[in-house]
Amino acid sequence: MSNRPLAGAVRYDNSGRVVLVTGGSRGIGFAIAKAFSESGAHVVSFDMSDPGVSLPNVETYRCDVASAESCESATEWLRQKYHRVDVLVNNAAIQPVESYVPIHQLSDEVINRMTQVNLLGYLRVARAVLPMLIEQGDGVIVNLASGQAHRSARQVGVYGPIKSANLMQTKQWAVEYARMGIRVVSVSPGAIDTPMVRASLEAQGGEAALANRHPLGRIGRPEEVASAVMWLASADAAFVTGTDLEVDGGLGAFGAFADPY
Ligand SMILES: NC(=O)c1ccc[n+]([C@@H]2O[C@H](COP(=O)([O-])OP(=O)(O)OC[C@H]3O[C@@H](n4cnc5c(N)ncnc54)[C@H](O)[C@@H]3O)[C@@H](O)[C@H]2O)c1
């Protein structure tokens, strides 16, 4: 059977919707920003760097999600300009190469930075944006978690537990805001071909080994995560909240007792 992906058949209409993506300058965030802009949305990306390619209907606003002040001022700019947010995608996160060590070798600097960006960054951007969603009585938050949130590996002693906390942020916020018309969901990708993964290929045993751990026999593409996010943010997923969708080529289904490919 061919593992060639089918041409995407679903087309969403996000005309007039305002979508905020954190970390939209590259990787998965860039693919999400692109997919929403192509479906008619106004997209704002909060990122610390500019995108390599600029896209129509995507504006990048300089923001460090690790800073409460930066999140507040960026959100205030967005509020003044667009007056609303329909979808927030909490995507900006880091996994520096120096974090691929057992926990007794981790530096405080790496622990603090990953906690500030990957855990508190999600919280701070959501905290800044939620008053708009509450006022609207409508909105969707999508948190990028990870396969590492569900099961462990060596050398992900900060990244894995924080990604797991992203799942719990999703459930907690979903419960908290459900009666205000706000849905909160997460997506857990397997290995996806992005600069983050490219930077750590060696630590993960090389591309072929990484691809082979996925039953589909390859790593995923950023667009394949974006299409899951598009569905979750759409009215088609109106009864979906507080849950996680693994977009992982079967990685999560592959048990420790399974024969290696
Ligand atoms: N690539 C994968 O295989 C994979 C797998 C599972 C989960 N994820 C998750 O998906 C999300 C995106 O990962 P990616 O691989 O596209 O990463 P990436 O490193 O390729 O891109 C991350 C983007 O976030 C921005 N960013 C980083 N720190 C920031 C900060 N403090 N403030 C604002 N922007 C900041 C970067 O500038 C960059 O544009 C992350 O949450 C990651 O944990 C990725």
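All figures in this text were calculated on a predicted structure; none of them were measured in a lab. (Residues numbered from 1 in each chain as written. Predicted model: local features only at pLDDT ≥ 70, side-chain atom pairs only at ≥ 80, totals over all residues. Heavy atoms only, no water.)

Draft legend 1. Here's a closer look at unusual backbone geometry. With phi around 65 degrees, Asn57 is a residue other than glycine that occupies positive phi space. Structurally, Asn57 can be placed in the loop between β2 (42-47) and β3 (58-62). Non-glycine residue His83 carries a positive phi angle of around 65 degrees. (Helix = DSSP H or I, 4+ residues; strand = E, 2+ residues; numbered from the N terminus.)

Draft legend 2. Molecular detail of the pattern of salt bridges. Under the definition given, this model contains twelve salt bridges. With its nearest N and O atoms 2.7 Å apart, the salt bridge here joins Glu59 to Lys81. With Glu59 in strand β3 and Lys81 in helix α2 (residues 68-82), the pair connects residues that are 22 residues apart, well separated along the chain. For Lys81, a relative accessible area of 42% translates into the label partly exposed. A salt bridge links Asp193 to Arg198, with the nearest nitrogen and oxygen atoms 2.9 Å apart. Connected through shared salt-bridge partners, Arg218, Arg221, Glu223 and Glu224 make up one network. (Salt bridge = Lys/Arg side-chain N within 4 Å of Asp/Glu carboxyl O. Buried < 20%, exposed > 50% of the residue type's maximum accessible area, 1.4 Å probe, protein only.)

Draft legend 3. Just the environment of Val44, in detail. Examined against the element boundaries, Val44 turns out to sit in strand β2. Put simply, Val44 and Val19 are 25 residues apart on the chain and 6.2 Å apart in space, counted from C-alpha to C-alpha. Not counting residues within four places of it along the chain, the set of residues in contact with Val44 comprises Val19, Leu20, Val21, Glu59, Trp77, Leu78 and Tyr82. (Contact = heavy atoms within 4.5 Å.)

Draft legend 4. Just the site of the ligand, in detail. Every one of the 32 residues lining the ligand counts as a neighbour, but Arg26, Asp47, Tyr159, Ile192 and Thr194 are closest to it. Cys63 places a main-chain nitrogen or oxygen 3.4 Å from a nitrogen atom of the ligand. Take Ile192: an N or O atom from its main chain is 2.7 Å from an oxygen atom of the ligand. Protein chains shield 95% of the accessible area of the ligand, which is 830 Å² for the free molecule. Broken down by secondary-structure element, the contributors of at least two residues to the shell around the ligand are α1 (27-38), β2, α3 (108-136), α4 (159-177) and α5 (195-199). Its residues assigned to classes, the shell around the ligand shows 19 nonpolar, eight polar and five charged. (Near = heavy atom within 4 Å. Polar contact = N/O pair within 3.5 Å; in protein donor to acceptor, adjacent residues only side chain to side chain. Areas by Shrake-Rupley, 256 points an atom, 1.4 Å probe, with all protein chains shown as cover. Nonpolar A, V, L, I, M, F, W, Y, C, P; charged D, E, K, R; others polar.)

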